[in-house]
Protein chains: 2
Amino acid sequence: MIVEIISVGTELLLGNIVNTNAQFISKELAKLGMECYYQTVVGDNPDRIKGALDVAFSRGDMVILTGGLGPTKDDLTKEMLMDYFHKEVVLDKKAWEMMKERMTRSGFTQFSDSQKKQAYVPKDSIIMYNHNGTAPGCIMENNGKYCMLFPGPPKEMQPMFKEYGVPYLRKFSDKVFVSMDIKMMSRDEVSVTIVGEGPCAERLGDLCDNENPTVATYAKEDGCLIRITAAAQNRDEALKIIEPILEKCKKALGEKYIKKIFEDK
Amino acid sequence: MIVEIISVGTELLLGNIVNTNAQFISKELAKLGMECYYQTVVGDNPDRIKGALDVAFSRGDMVILTGGLGPTKDDLTKEMLMDYFHKEVVLDKKAWEMMKERMTRSGFTQFSDSQKKQAYVPKDSIIMYNHNGTAPGCIMENNGKYCMLFPGPPKEMQPMFKEYGVPYLRKFSDKVFVSMDIKMMSRDEVSVTIVGEGPCAERLGDLCDNENPTVATYAKEDGCLIRITAAAQNRDEALKIIEPILEKCKKALGEKYIKKIFEDK
């Protein structure tokens, strides 16, 4: 199962906000051991969203979308997607009751069509109810292609992803990814000629070509980081795979230049 | 000139870091009045980077890439791109001198091949020298397709973009975008039934369908925001286009519910 992330929002495209949704979902996917090779950002434009979907489904089996579920005219993602997945559109009574209750608490005494629009969902799909906002999310499937649609605001998306997304995705994953990080001392403590990313990578040599676990170096302001990541059936097995490579890395890097070693969670 | 942004980095794909580079560049492009409809994130994998480039160039004329210029084995973007643009690879003496000087200041007494690799650049291209790190950036052109390549670390990318990127891009842009924002009072001050995004959008009605300037509503934690954006030859002309629509919006929204009106810069 190869997953792609599409974040919908003209605000993202104009640089008004930073894409924390893609980061959050990527992290969750990595923990679940799911493969994700591309993230895309596209504006609130149905044709371009469709273009992004075509590209994503040409490379993967599942697309996780955020944004485009709101009550305003430019929030068109859901309509576009229900059409893309050939889904009939039905009113979800539970979602509508939840929305009305929420809006009544906020002081609304009557509800507009544009508000009600949010309670329309694809038929024969999984509906993800929203306990932190109005628009429900949904999971659609058609011909082996999957799409998960979440609201854009992080305070709505994140709990919904944890409640519905993670358990749903877990059944597609047969492995977990576990990472151990080696944090080198900083350039202020030891010469950069020893603890810089370049010198560290040189000392690691072929270890950086290892496949499972992988070994990657990252230049960080507060000192180079070496990440060893294993894919396995479970955490214990992953740690067992990591162990011998971690020892080789420690030796190659020089233990006295290592600040700490910890699991990346 | 349609531009796309590709951010290269497995760290982005794993959610270890958030993509502030795409936000920064998007904001600069918007200020320059350049059209950008997609942002993509891809890992440090030459085949997938090539795939992302193919997709981007099928939709646009210019790709701005960040990341993949470092000294380690997984930083392969530049090699891949010089090949993609059929560019001969040459050592840039000035870049190599600058790098050696910088590395000498950091305490290096000898330089490795992987460090020198960063000073190899595409022939017949614009080289963007790096005053805040080692790897230079470059601008390549081939058959009317353009590619700008910047280093990944924001503290290197941002000043390089301002120094070289903005003046280079300006010649492709025949217009500027100017936005005026109407900030509504918050839900704590006035009922959400009046100042929520839904009710505001309803009152604006057809104004939200306007083309130049565009009118868009955004739900924000501290109160709904209405953004009026005009494309014009210069700022004065843009402000003139915005004026009558701004007046209509103020009337539709109700002046007493508006907290402030300001230019978005």
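Here the structure is a predicted model, which means the values were calculated and not measured.

Basis of the calculations
Residues numbered from 1 in each chain as written. Chains lettered and ligands numbered in written order. Predicted model: local features only at pLDDT ≥ 70, side-chain atom pairs only at ≥ 80, totals over all residues. Heavy atoms only, no water. pLDDT = per-residue confidence, 0-100. Helix = DSSP H or I, 4+ residues; strand = E, 2+ residues; numbered from the N terminus. Buried < 20%, exposed > 50% of the residue type's maximum accessible area, 1.4 Å probe, protein only. Contact = heavy atoms within 4.5 Å. Buried area = accessible area lost by both parts, 1.4 Å probe. Salt bridge = Lys/Arg side-chain N within 4 Å of Asp/Glu carboxyl O. Polar contact = N/O pair within 3.5 Å; in protein donor to acceptor, adjacent residues only side chain to side chain. Nonpolar A, V, L, I, M, F, W, Y, C, P; charged D, E, K, R; others polar. Pairing = 2+ DSSP bridges. Phe/Tyr/Trp six-rings, centres within 6.5 Å; stacked < 30°, edge-to-face > 60°. Least-squares fit on C-alpha atoms with pLDDT ≥ 70 in both. Core = buried A, V, L, I, M, F, W, Y, C linked by side-chain atoms within 4.5 Å. Axes fitted to C-alpha atoms, helices over the stretch in contact; angles between N-to-C directions. Expected span 1.5 Å × (residues − 1).

A.B. asks: Looking at this model, I keep getting lost on the confidence of the model for chain A. Mind explaining?
C.D. replies: In the predicted model, chain A carries a mean pLDDT of 92, and 98% of its residues have values of at least 70. On the interface metric, ipTM, the complex scores 0.86, and its pTM is 0.87.

A.B. asks: Can you walk me through unusual backbone geometry in this structure?
C.D. replies: If a residue is not glycine, its phi is most likely negative; likewise, a peptide bond is most likely trans. All names here are of chain A. Following Asn212, the chain continues to Pro213 via a peptide bond in cis, the omega torsion being 10°. Checked against the element boundaries, Pro213 lands in the loop between α9 (197-204) and β10 (214-218). The backbone of Asn143 shows a phi angle near 55°, a positive value even though the residue is not glycine. With respect to the helices and strands, Asn143 occurs in the loop between β7 (137-142) and β8 (145-150). Assessed through its relative accessible area of 74%, Asn143 is described here as exposed.

A.B. asks: What should I look at first to understand the interface of chain B and chain A in this one?
C.D. replies: Listed as interface residues are 55 residues of chain B and, on the opposing side, 55 residues of chain A. Of the roughly 4,500 Å² buried where chain B meets chain A, counting both sides, 53% is carbon and sulfur surface. Run the count over chain B and chain A and you get two salt bridges. Glu11 of chain A is the salt-bridge partner of Lys220 of chain B, the closest N and O atoms lying 2.9 Å from each other. Linking chain B with chain A are 18 residue pairs in polar contact (both at pLDDT 80 or more). Listing elements by their share of the side of chain B that touches chain A, those giving two or more residues are α1 (10-13), α2 (20-32), β2 (35-42), α3 (46-59), α8 (192-195), α9 (197-204) and β10 (214-218) of chain B. The element best represented in the side of chain B that touches chain A is β2 of chain B, accounting for seven residues. The residue inventory of the side of chain B that touches chain A, partitioned by class, reads 19 nonpolar, 21 polar and 15 charged. Where strand β2 (residues 35-42) of chain A lies against β2 of chain B, five bridges are found, and the strand directions are antiparallel. Across the sheet, the residue bridging to Val42 of chain A is Tyr38 of chain B, located in β2 of chain B.

A.B. asks: Honestly, the packing of aromatic side chains in this entry has me stumped. Any pointers?
C.D. replies: Geometrically, a pair of aromatic rings is defined through the distance of the ring centres and the angle of the planes. Residue and element names in this part refer to chain A. Per the counting criterion, the structure on display carries 16 aromatic pairs over all chains. Judged by centre distance (6.1 Å) and plane angle (25°), the rings of Phe57 and Tyr84 are stacked. Of this pair, Phe57 sits in helix α3 (residues 46-59) while Tyr84 sits in helix α4 (residues 77-84), placing them 27 residues apart in sequence. Classification of Phe57 as buried rests on a relative accessible area of 9%. Residue classification places Tyr84 among the partly exposed positions, given a relative accessible area of 22%. By way of ring pairs, the aromatic residues Phe24, Phe150 and Phe161 are connected into one cluster.

A.B. asks: Just to check I follow, could you spell out the relation of the copies chain B and chain A for this structure?
C.D. replies: The operation linking the two copies of the chain is a rotation about an axis combined with a translation along the axis. Superposing chain B onto chain A takes a rotation of 180° combined with a translation of 0.0 Å along the rotation axis, leaving an RMSD of 0.1 Å. These values place the two chain copies in the arrangement generated by a two-fold rotation axis. Every residue of chain B has its C-alpha some distance from the rotation axis, and the shortest such distance is that of Thr40 of chain B, at 2.3 Å. Interface residue correspondence from chain B to chain A reaches 100%, placing this contact among same-surface, isologous pairings.

A.B. asks: Could you clarify how one ought to interpret the environment of Gly254 of chain A in this entry?
C.D. replies: Residue position: Gly254 of chain A is located in the loop between α10 (235-253) and β12 (258-264). The spacing of Gly254 of chain A and Val195 of chain A is 59 residues in sequence and 9.7 Å in space, taken between C-alpha atoms.

A.B. asks: Help me understand the environment of Val55 of chain B, please; the structure alone is not making it clear to me.
C.D. replies: Within the element layout of this structure, Val55 of chain B appears in helix α3. For Val55 of chain B and Met185 of chain B, which are 130 residues apart along the polypeptide, the C-alpha to C-alpha distance reads 43 Å. Excluding residues within four positions of it along the chain, Val55 of chain B makes contact with Val55 and Arg59 of chain A.

A.B. asks: Hey, could you run me through the nonpolar core in this one?
C.D. replies: Nonpolar side chains tend toward joint burial in soluble globular proteins. In terms of nonpolar packing, the biggest core is built from 55 residues, with Ile6, Leu29, Ile64, Leu65, Phe161 and Leu169 of chain B touching the most fellow members. Counting residues per element, this core draws most heavily on helix α7 (residues 154-170) of chain B, at seven residues. Look past the residues within four positions of Leu65 of chain B in its chain and what remains in contact with it is Ile6, Val8, Ile49, Leu53, Thr77, Leu81, Cys147, Met148, Leu149 and Phe150 of chain B. Of all hydrophobic cores here, the second largest spans 54 residues; its members include Ile49, Val121, Ile127 and Leu169 of chain A.

A.B. asks: Just to check I follow, could you spell out the sheet that holds strand β9 (residues 176-184) of chain A for this structure?
C.D. replies: Backbone hydrogen bonds are what pair the strands of a sheet, in a parallel or an antiparallel way. Residues and elements named next belong to chain A. The four strands lie next to each other as β10-β11-β9-β12, forming an open sheet whose pairing is antiparallel. Because the sheet does not close on itself, it has two edges, and the strands there are β10 and β12. Each strand axis lies, on average, 20° off the axis of its neighbour in the sheet, ignoring direction. As paired strands, β9 and strand β11 (residues 225-232) are joined by eight bridges and run antiparallel to one another. Of the residues in β11, the one forming a bridge with Ser179 is Thr229.

A.B. asks: Could you clarify how one ought to interpret α2 of chain B in this entry?
C.D. replies: Residue pairs three or four apart in sequence face the same way in an α-helix, which turns once every 3.6 residues. With 13 residues, α2 of chain B ought to run about 18 Å at 1.5 Å a step, and its terminal C-alpha atoms sit 19 Å apart, in line with that. Buried within α2 of chain B are the following residues: Asn21, Ala22, Phe24, Ile25, Ser26, Glu28, Leu29, Ala30 and Leu32 of chain B. Contacts made by the buried residues of α2 of chain B are with α1 (10-13) of chain A together with β1 (2-8), β2, β3 (62-66), α7 and β9 (176-184) of chain B. In the segment just after α2 of chain B, Gly33 of chain B is the residue with positive phi, at about 75°.

A.B. asks: Can you help me understand the sheet that holds strand β11 (residues 225-232) of chain B in this one?
C.D. replies: Residue and element names in this part refer to chain B. If you walk across this open sheet you meet the four strands as β10-β11-β9-β12, and the pairing is antiparallel. The outermost strands of the open sheet, each flanked by one partner alone, are β10 and β12 (258-264). Pairwise comparison of adjacent strand axes, ignoring direction, gives a mean angle of 20° for this sheet. Where β10 and β11 come together, five bridges link them in antiparallel fashion. Within β11, the residue paired with Ala216 across the bridge is Arg227. Along the sheet, helix α10 (residues 235-253) contacts β9, β10, β11 and β12; its crossing angle with β11, the most-contacted strand, is approximately 150°.

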